[in-house]
Amino acid sequence: MDLTAINPVLLVASLMVAATPLLLAAIGELVVEKSGVLNLGVEGMMIVGAICGFAMAVESGSPMLGFAAAAAGGALLSLLFALLTQVALANQVASGLALTLFGLGLSALLGQGYVGVKPPPSPRLDLPGLSDLPVVGPILFGHDPILYLGVVLTACVWVMLKFTRAGLILRAVGESHDAAHALGYPVVRIRILAIMFGGACAGLGGAYISLIRVPQWTEGMTAGIGWIALALVVFASWKPWRALLGAYLFGGVTVMQLNLQAAGVAIPVEYLAMSPYLVTILVLVILSADRSGAPAALGRIFHASN
Amino acid sequence: MTDILLSLSGLTKAYPGVVANDDVSFDIGTGEVHALLGENGAGKSTLVKMIYGLVKPDSGEMTLRGRSYAPAEPRAARADGIAMVFQHFSLFDALNVGENIALGMEQPPRMRDLADRIRAVSETYGLPLDPFRVVGDLSAGERQRVEIVRCLLQDPKLLIMDEPTSVLTPQEVDILFATLRKLRADGTSILYISHKLEEIRRLCDTATILRLGRKVGTCVPRDTTARDMAEMMVGSSLKTPQRAGRDLGPVALELQGFSAAAPSAFGTALKKVEFRVHAGELLGIGGVAGNGQDELLAVLSGEIRGTEGSLRLKGADIGGLGPRARRAAGLLTAPEERLGHAAAPNMSLTENAMLTGAVRERLETRGFLKWGAARAFATRIIAGFDVRTPGPDNAARSLSGGNLQKFVIGREVLQRPEVLVVNQPTWGVDAAAAAAIRQALLDLAAGGAAVVVISQDLDELMEICDRFGALNEGRLSPTRAVGDLSVEEIGLMMGGAHGMEVADV
Amino acid sequence: MIVLEKRPEPSRGWSLATPVVAVVATMIFGGIVFGLLGTNPVAAIATIFWEPLFGEFAFYYRPQLLVKGAPLVLIAIGLSLGFRAGIWNIGAEGQYIVGALSGAAIGLAFYPAEGWYIFPLMVAGGALGGWAWAMIPGLLKVRFGTNEILVSLMLVYVAEQLLASMSLGLLKNPEGFGFPGSRNLQQYPSAHNAELIAGTGMHWGVATAMIAVILAYVLLNRHMLGYQIRLTGEAPRAARFAGVRPGRLILFCLGVSGALAGLAGLFEVSGPAGQVSIDFNVGYGFTAIIVAFLGRLHPVGILLAGLLMALTYIGGEIAQSSLGLPASAIQVFQGMLLFFLLALDVLTNYRIRLVQRERS
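Residues numbered from 1 in each chain as written. Chains lettered and ligands numbered in written order. Predicted model: local features only at pLDDT ≥ 70, side-chain atom pairs only at ≥ 80, totals over all residues.

Considering the overall build of chain A
Rules: What counts as a helix is a DSSP run of H or I of at least four residues, what counts as a strand is a run of E of at least two, and both are numbered from the N terminus. What the globule rule says is 2.2 Å times the number of residues to the power 0.38, and the radius of gyration is computed from C-alpha atoms. To sort residues by burial, count the other C-beta atoms lying within 10 Å of each one's C-beta; a count of 20 or more means buried, 12 or fewer means exposed, and anything in between means partly exposed. C-beta atoms are built from the backbone. By the criterion used throughout, residues are in contact when their C-beta atoms, derived from the backbone, lie within 7 Å.
A count of helical and extended segments in chain A gives twelve helices and zero strands. What you see in chain A, going N to C, is helices and strands ordered as α-α-α-α-α-α-α-α-α-α-α-α. A globule of 306 residues ought to have a C-alpha radius of gyration of about 19 Å, and chain A, at 19 Å, matches this closely. Here the C-alpha coordinates of chain A stretch approximately 70 × 40 × 40 Å along the principal axes. Within chain A, the proportion of its 306 residues that are buried is 54%. The long-range share in chain A, meaning contacts at least 24 apart out of those at least 6 apart in sequence, stands at 79%.

Put into structure tokens, the structure is as follows:
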């Protein structure tokens, strides 16, 4: 084995790439959960986003159009979840599972013609001078725009939740839908919008995997990242910056184990591949005591009786 | 009181199977405190929801200062100067006072300015409030202040108050009334919803009485006796519970130095609770909501584990036993929340009879259930306690509040408890059912059982109990015989001044 | 304007009718999807639902119905207990794998000895393996309050890696010319879960599934534990008040569902599949979630739903070869079924009313 083959600068840069799909999906889900809705369909929305984005990028030749299609696809699928849980008042856990199972099938169906196809490359930020700096250049200034979008989105969600009236109303709806309804806020409408935002983010995250991280299309390629994103929201205790931190941590674990695999460490590949999932469980165990940020109405069904 | 602020005429609202309001008309004058009086289910809340824009009337109309008024949503009502203080369900525990208030306003100022205005208004009306405290940590009285201040910041023309005193100590009621009188003097009208007749007589200028959705009368409360108003409200003469003379037996239940940690972030810890209740005795435990009532019931029923101190039933230590073993030993309980705690809403009455009856009524043998016996037990409860329902196969949620409460109390009483603990036995129950429940509790005590009644309704406790104690922040005052107590003393007990020791902080 | 109105009583009629309506709606919309894919919708639906039962080769497909249905029913019965109590084990796929691995490992350890005791030991090992795998989320939930949904799901991915590692390493057939995968248990009589009656598809797994249906029915309807499970799902606070110990209930439900999933895995690996291989698991653990809901979490319903779902699997395979319908189309079809079921479920507890838009 040869650990010197691991370049720390490239490691950090690729860690950020590995973290971005997680971050995007987690930020979306964070907003959804803040509104009091638990959408377990993140994995399904991600994989549908992955194929929508991939197909659009291949057909149009533009990765950015691909990302737009991915967001639209994710949002559209989440609308199904919104209909089920907000209109038909179905159980959120069951509906989320249904969304994931359906999304996995749908993406496989949509992706039939795209196995083995290469997507158009995404543009990278190229600031003359800055991007060429040693160490700092590749880490901070050498990425694709979506990676920066993820960070910007985190900041926006933080500002929105903490400082704006829209954020206050969103938190209020998630805290007690009955009280929010009594004050005249349209609980269902707000939640549907939040769910669709979450769907769009998950779609973007999925497309990031199929267009930039991997980049190609294979069935079931999200491989549980949607579920890890759900765990990440708990890890972050519903705070945006902690979600960013968590995503980078998980990204680090993923990239590290891939590097160790490549470096030929004496641990069997399968056990290395398990590590992100085991780390997720470990983190969940450590952090499940802290539910301070958890919205009180999370997962409850709202029906404005009388 | 010359000009009319809000005039209602012919308001009707029907829900499937029930007419909530039928052709209700009355006027509220400017600067008037107008009482809306009626039993639970008389249609008071539907009526105010129509005024506040939460519900639209099927027919009839409202005029506000001479102009047609039909709010599409609460926002519109607030814009027209109508504000409402809710009984519950309108505060957000995890948000702070300022955020809660901002949510109730159309154009809230910046948080810093809002905080200043909150302080200003709360000082003017004698309602001290810290804008940056988290609402979940506040007492019931303070929570109500948040709602009132939220309304006052909008400079309302009409303030609707839904059962505002049910969560207050007598002293806090006095403070509230002072605030309301001040508002009236400033020209604000108040629609005051209550079923507490003495309060209405003290405060209100006019009263409109509803029964079964219809207006059945108007009166000037000061000139009408409470009894007359009550009879208008109920529609028949009331039966006062009969208490038979009883001999006290030996101590049935005894708590010593009994403590328990708070079960949740916004729950209350119990601190060294002590009392003893004899066979044949009714002990009343009063106190403002949220001072440990739910927790006390839960530790007695065995739902909350991990308590300190001793809990003895007829001398035997039962502190380590779970709910089923306690039932077997003779300690039965009935929690406050009927749907979801005392009963499972979607399950049939037979299944709900099984819920607590399995042990003492022998509804199971070695784990296998005897549904026939459970059904017979449910039928016995229905017959014995006049529960109005087609039969034991109906779901608990299909019963009205009063009927379900009769079922819940009946289920425990019929199991012949040694000690029965009930929490809020008549909350949200119509007067006839409440009277029946109180009578059942008295009869149970007369039969030799010890009964502990936890209630926020002081009148109820004074009416049926032999001894009285009050919970305050998880501490129980020493219990005293009811006959020796004055209203002031009760207020002090509820407020936490036990007159016995320096509070340990 | 359409308004939902809560029924005073859950409607029995709708509760029975929704699965049927959902199946019909799925057939219609599924047909549309198949049509969009360029397949004749009527032919596709007929192939899926008719061909396996009454077509030319029905003699071959009918036993397959039992073979495919048994693991689904077995797993779904276990899941339904937890789902009823609001305990969400969605990692049955992982428990299925671990059950198969541990059961097969016991059998392979005895190779080439023959003995009547080997298969029963494997069965016990399979159940124990699935049980142990499910105890991980169970104990973590009881001890630390960790979300069992996420943990049980994470453990599916871990189990898949474990499966890969085992079929490439420990359990690899030493006489397999380096190919991944274990010895074939079908060729090891003492460890083979053979058909009990030749040509019927009836193996020990099918028998166990039937027994599980009956026991679950008795448990839920006649036993205190089943009552406590239902009560916990309907009203957790009321359950606590009645004396239910939530921790024990969580361990019981997760344990039973894990053990049943493990059994399903063992019967599969020692019977129809025959060997431990990288692609041994085919998603029964997830499809069983659909089966559990489609069967309304009722044992008899699950039995019927399991057979129906097995039908779509088999019919889907036929449609794949005869009509060129992609395999994923069936997955979409199954997902759609769950959607319709959940959406229509609202009718059980609510009534839809049309009201005239009120004046404003």
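Further notes follow.
Focus: the overall build of chain B
Across its full length, chain B holds 16 helices and 23 strands. Long-range contacts, defined as pairs at least 24 residues apart, comprise 69% of the intrachain contacts of chain B with a sequence gap of at least 6.

A closer look at the domain arrangement of chain B
The extent of an interface is frequently quoted as the accessible surface area lost upon association of the parts. Residues and elements named next belong to chain B. Formally: What marks off one domain from the next here is an automatic or database domain assignment. Gly is placed with the polar residues, together with every amino acid not listed as nonpolar (Ala, Val, Leu, Ile, Met, Phe, Trp, Tyr, Cys and Pro) or charged (Asp, Glu, Lys and Arg).
Domain boundaries in chain B define domain 1 (4-234) and domain 2 (251-345 + 401-495). When each unit is reduced to the centre of its C-alpha atoms, the spacing between domain 1 and domain 2 is 31 Å. Listed as interface residues are 15 residues of domain 1 and, on the opposing side, 16 residues of domain 2. Going through the elements one at a time, helix 5 (140-152) and helix 6 (170-185) are the ones with two or more residues in the side of domain 1 that touches domain 2. Tallied by class, the residues present in the side of domain 1 that touches domain 2 amount to five nonpolar, eight polar and two charged.

What to know about the environment of Gly290(B)
Residue and element names in this part refer to chain B. As for its placement among the helices and strands, Gly 290 is situated in the loop between strand 13 (282-286) and helix 9 (293-301). Sequence separation of Gly 290 and Gly 267 is 23 residues, and the distance between their C-alpha atoms is 7.6 Å. Every residue in contact with Gly 290, bar those within four places of it in the chain, is listed here: Ser 139, Ala 140 and Thr 268.

Description of the pairing of strand 11 (residues 251-260) of chain B
The cut-off we apply is this: Pairing between strands is defined by DSSP: at least two bridges between the two strands are required.
Bridge count for strand 11 of chain B against strand 12 (residues 270-278) of chain B is six bridges, and the pairing is antiparallel. Directly across from Phe258(B), in strand 12 of chain B, lies its bridge partner Val273(B).

Some points on the environment of Glu412(B)
Residues and elements named next belong to chain B. Inspection of the secondary structure puts Glu 412 in helix 13 (residues 401-413). The spacing of Glu 412 and Thr 333 is 79 residues in sequence and 7.1 Å in space, taken between C-alpha atoms. In this view, Glu 412 contacts Leu 332, Ala 334, Thr 356, Pro 417 and Leu 420; residues no more than four positions away in its chain are not counted.

Brief notes about the confidence of the model for chain A
Note the threshold: Known as pLDDT, the predictor's confidence for each residue is given on a scale from 0 to 100.
Averaged over all residues, the pLDDT of chain A equals 87, while 94% of them reach at least 70. Of all helices and strands in chain A, the one with the weakest mean pLDDT is helix 5 (residues 136-140) of chain A (71), whereas helix 2 (residues 42-60) of chain A scores best (95).

Describing helix 9 (residues 224-234) of chain C
The buried fraction of helix 9 of chain C is high, at ten of eleven residues. Buried residues of helix 9 of chain C: Met224(C), Gly226(C), Tyr227(C), Gln228(C), Ile229(C), Arg230(C), Leu231(C), Thr232(C), Gly233(C) and Glu234(C), and no others.

Observations regarding the environment of Phe54(A)
All names here are of chain A. When you line up the elements, Phe 54 lands in helix 2. Residue class for Phe 54 comes out buried when judged on the 30 C-beta atoms lying within 10 Å of it. Here the alpha-carbon distance between Phe 54 and Ala 207, two residues 153 residues apart in the chain, equals 6.5 Å.

Brief notes about the interface of chain A and chain C
Tallying the contact residues gives 39 residues for chain A and 37 residues for chain C. Contributing elements (two or more residues each) for the side of chain A that touches chain C: helix 3 (63-87), helix 4 (92-110), helix 10 (225-235) and helix 12 (269-287) of chain A. The biggest single contributor to the side of chain A that touches chain C is helix 4 of chain A, with twelve residues. The class makeup of the residues in the side of chain A that touches chain C is 30 nonpolar, eight polar and one charged.

Looking at the sheet that holds strand 5 (residues 67-69) of chain B
Residues and elements named next belong to chain B. Definition in use: Here an angle of 0 to 180 degrees is reported between the N-to-C directions of two axes, which are lines fitted to C-alpha atoms, with helices fitted over the stretch in contact.
Ordered in space as 2-1-4-5, the four strands form an open sheet in which the pairing is antiparallel. At either margin of the open sheet sits one strand with a lone partner, and together these are strand 2 (18-29) and strand 5. With direction set aside, neighbouring strand axes in the sheet form an average angle of 25°. Note that strand 4 (residues 59-64) and strand 5 share three bridges and pair antiparallel. Residue pairing for strand 5: Met 62 is matched across the bridge by Tyr 69.

Some remarks on unusual backbone geometry
What is expected of a backbone is that most residues other than glycine have negative phi and most peptide bonds are trans. Note that the residue after Tyr111(C), namely Pro112(C), is joined by a cis bond; omega there is 0°. Here the phi dihedral of Trp238(A) falls at roughly 65°; this positive angle occurs in a residue that is not glycine. As for its position among the elements, Trp238(A) is in the loop between helix 10 and helix 11 (240-263). Trp238(A) sits in the buried class, given 23 other C-beta atoms within 10 Å.

So, the packing of helix 2 of chain A against helix 10 of chain A
For any two helices packed against each other, one specifies the crossing angle of their axes together with the interaxial distance. All names here are of chain A. Note the threshold: Working rule for angles: under 35 degrees goes down as roughly parallel, over 145 as roughly antiparallel, 65 to 115 as roughly perpendicular, anything else as oblique. When the near helix sits turned anticlockwise from the far one by under a right angle, the crossing is termed left-handed; a clockwise turn instead gives a right-handed crossing.
Contact pair helix 2 / helix 10: the axes reach a minimum separation of 7 Å and the direction vectors enclose 130°. Relative to helix 10, the element helix 2 is oriented oblique. The handedness of the crossing between helix 2 and helix 10 comes out as right-handed. Contacts between helix 2 and helix 10 involve Val 42, Glu 43 and Met 46 on the former and, on the latter, Ile 225, Gly 226, Trp 227, Ala 229 and Leu 230. Here the contact of helix 2 with helix 10 is composed, by residue class, of six nonpolar, one polar and one charged.

Description of the packing of helix 13 of chain B against helix 14 (residues 431-446) of chain B
Residue and element names in this part refer to chain B. Interaxial distance between helix 13 and helix 14 falls to 10 Å at its minimum, and their mutual angle equals 10°. Considering the angle they form, helix 13 stands roughly parallel to helix 14. Only Ala 433, Ala 436, Ile 437, Ala 440 and Leu 444 of helix 14 make contact with helix 13, whose side of the interface consists of Gly 402, Gln 405, Lys 406, Ile 409 and Val 413.

A short note on the interface of chain A and chain B
On the chain B side, the residues contacting the 13 residues of chain A number 18 residues. Among the secondary structure elements, those contributing two or more residues to the side of chain A that touches chain B are helix 7 (165-175) and helix 8 (177-182) of chain A. In terms of residue count, the dominant contributor to the side of chain A that touches chain B is helix 7 of chain A (five residues). Looking at the side of chain A that touches chain B residue by residue, the class counts come to seven nonpolar, three polar and three charged.

Regarding helix 13 of chain B
Residues and elements named next belong to chain B. In plain terms, the rule: Helix span, as expected, comes to 1.5 Å for every residue beyond the first.
The end-to-end C-alpha separation of helix 13 is 18 Å, in line with the 18 Å expected for 13 residues at 1.5 Å each. Judged by how many residues are buried, helix 13 sits mostly within the fold: twelve of 13 residues are covered. Among all positions of helix 13, only Gly 402, Asn 403, Leu 404, Gln 405, Lys 406, Phe 407, Val 408, Ile 409, Gly 410, Arg 411, Glu 412 and Val 413 are buried. Contacts made by the buried residues of helix 13 are with strand 16 (331-334), helix 11 (349-357), helix 12 (371-384), strand 19 (419-423) and helix 14.

Things to note about the pairing of strand 7 (residues 158-162) of chain B
All names here are of chain B. Here is the rule we go by: A crossover counts as right-handed when, viewed with the strands pointing away from the observer, the path leading from the first strand over the helix to the second turns clockwise.
Among the five residues in strand 7, five count as buried, and that is most of the element. Of the two faces of strand 7, both are covered, the one formed by Leu 158, Ile 160 and Asp 162 as well as the one formed by Leu 159 and Met 161. Where strand 6 (residues 82-85) lies against strand 7, four bridges are found, and the strand directions are parallel. Each bridged residue has a counterpart across the sheet, and for Val 85 the counterpart in strand 7 is Met 161. Pairing geometry for strand 7 and strand 8 (residues 189-194), over five bridges, is parallel. Note on strand 8: the bridge partner recorded for Met 161 is Tyr 192. Between the parallel pair strand 7 and strand 8, the chain is carried across by helix 6, and the sense of this crossover is right-handed.

Overview of the sheet that holds strand 15 (residues 316-317) of chain B
All names here are of chain B. What the four strands build is an open sheet, ordered 12-11-14-15; its pairing is antiparallel. Looking at strand neighbours, the two that pair on one side only are strand 12 and strand 15, the edges of this open sheet. One ladder, built from six bridges, connects strand 11 with strand 14 (residues 307-313); its direction is antiparallel. Each residue of the ladder has a partner; that of Ser 259, found in strand 14, is Glu 308. The strands touched by helix 9 within the sheet are strand 11, strand 12 and strand 14, with strand 12 carrying the most contacts at an inclination of about 65°.

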